[in-house]
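Residue-level structural notes
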Amino acid sequence: MNHRGKKFVASYSGGKDSLLAIYRAIQMGMEPVALIITFNTDRNESWFHGVPEKVIQEVSKSLNIPIRLIKTSGEEYAQNFEKELLFQKENGVEVCIFGDIDIEEHLEWCTKRCKAVGIEAFFPLWKEERRALVEEFIKVGFKANITVVDTTRLSEKHLGKCLSAKIISSIVLEGADACGENGEYHTFVSDGPLFSYPVPFTYKDKIYSNHYAILPIQAKV
């Protein structure tokens, strides 16, 4: 299907897969209207990748793309996501971009949300080889740091590291997925071909939650 010229909104997480999907969509000639990110009202940070609002605002400035926060609890997550998609449709959006690779549950959930409001769900990375995708991400010049590690699948030494060919090899050597698609690690992307300047951020003190080691990020003052 030819998507050239179509206006899109993208489900943005702060991580590498969503940025690569957005990058590919723009390379295909699609026009970004906005990015949307679900924001946990209980923790005051984004769902899943834990990005605080001030850092999200800085990302928006560097990308020169509006980022809209979907402030939601877990109970109203799907409902509020659809509400935002409907708003975007009313502003001319035809497609929502997602960075999922091959997990069918994610495909079904995202497609269902888009179908409910009458826009297309598009997955630019779908069914591609995981390691090849993360290698492409690095090759085109994106910079991502590992902010969360599942210590049952990957050693804590990777926490805070910038993704590189060497780090990916280290991840694979430990038997984890190169792309972290099974939840082995999460990243925050601060620079790359879509950014007009590197997004400044610092780390707070390392914390542990169950079997996860986390380096929370915060805006650099």
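Here goes a summary of the coordinates provided. (Residues numbered from 1 in each chain as written. Predicted model: local features only at pLDDT ≥ 70, side-chain atom pairs only at ≥ 80, totals over all residues. Heavy atoms only, no water.)

1. Considerations on helix H3 (residues 77–90)
Under the 1.5 Å per step criterion, the end-to-end length of H3 is 20 Å for 14 residues, consistent within 8% with the ideal 20 Å. Within H3, the full set of buried residues consists of Tyr-77, Asn-80, Phe-81, Glu-84, Leu-85 and Gln-88. Buried residues of H3, viewed axially, fall in a sector of 140°; they line one side. Projecting away from the buried face of H3 at angles above 90 degrees are the exposed residues Gln-79, Lys-83 and Glu-90. (Helix = DSSP H or I, 4+ residues; strand = E, 2+ residues; numbered from the N terminus. Expected span 1.5 Å × (residues − 1). Buried < 20%, exposed > 50% of the residue type's maximum accessible area, 1.4 Å probe, protein only. Arc of directions from axis to C-beta.)

2. Remarks on the layout of surface pockets
Its volume calculated, the largest pocket comes out at about 1300 Å³. What lines the largest pocket is a set of 47 residues, among which Ser-13, Trp-47, Phe-48, His-49 and His-186 lie closest to the centre. Take the lining of the largest pocket: its biggest share by element is five residues, from helix H4 (residues 104–117). Grouping the constituent residues of the lining of the largest pocket by class yields 21 nonpolar, 18 polar and eight charged. A volume near 190 Å³ is recorded for the second largest pocket. As for the second largest pocket, its lining consists of 14 residues, of which Asn-44, Pro-52, Glu-53, Lys-54 and Lys-204 are closest to the centre. Its residues assigned to classes, the lining of the second largest pocket comprises six nonpolar, three polar and five charged. (1 Å grid on protein atoms, 1.4 Å probe; cavity = no way out; pocket = protein on both sides within 12 Å on 5 of 7 lines; lining within 4 Å. Points joined across faces, edges and corners; volume = space filled by probe spheres on them. Nonpolar A, V, L, I, M, F, W, Y, C, P; charged D, E, K, R; others polar.)

3. Things to note about the nonpolar core
Core analysis: the biggest nonpolar cluster contains 51 residues, and Tyr-12, Val-59, Ile-97, Leu-163 and Phe-188 have the highest contact counts within it. Among the elements that make up this core, the one with the highest residue count is helix H1 (residues 16–27) (six residues). Residues within four places of Phe-188 in sequence aside, it is in contact with Tyr-12, Gly-14, Val-51, Val-55, Val-59, Lys-143, Ala-144, Asn-145, Thr-147, Val-199, Phe-201 and Ile-217. Counting residues in each nonpolar core, the second largest holds 15 residues, with Ile-70, Leu-85, Cys-96 and Ala-121 among its members. (Core = buried A, V, L, I, M, F, W, Y, C linked by side-chain atoms within 4.5 Å. Contact = heavy atoms within 4.5 Å.)

4. Notes on the packing of H1 against helix H5 (residues 130–139)
Taken N-terminus to C-terminus, the directions of H1 and H5 make an angle of 70°; their axes are 10 Å apart at the nearest point. Comparing their axes, H5 and H1 come out roughly perpendicular. Where H1 abuts H5, its residues Lys-16, Leu-19, Leu-20 and Arg-24 lie against Leu-133, Val-134, Glu-136 and Phe-137. (Axes fitted to C-alpha atoms, helices over the stretch in contact; angles between N-to-C directions. Parallel < 35°, antiparallel > 145°, perpendicular 65-115°, else oblique.)

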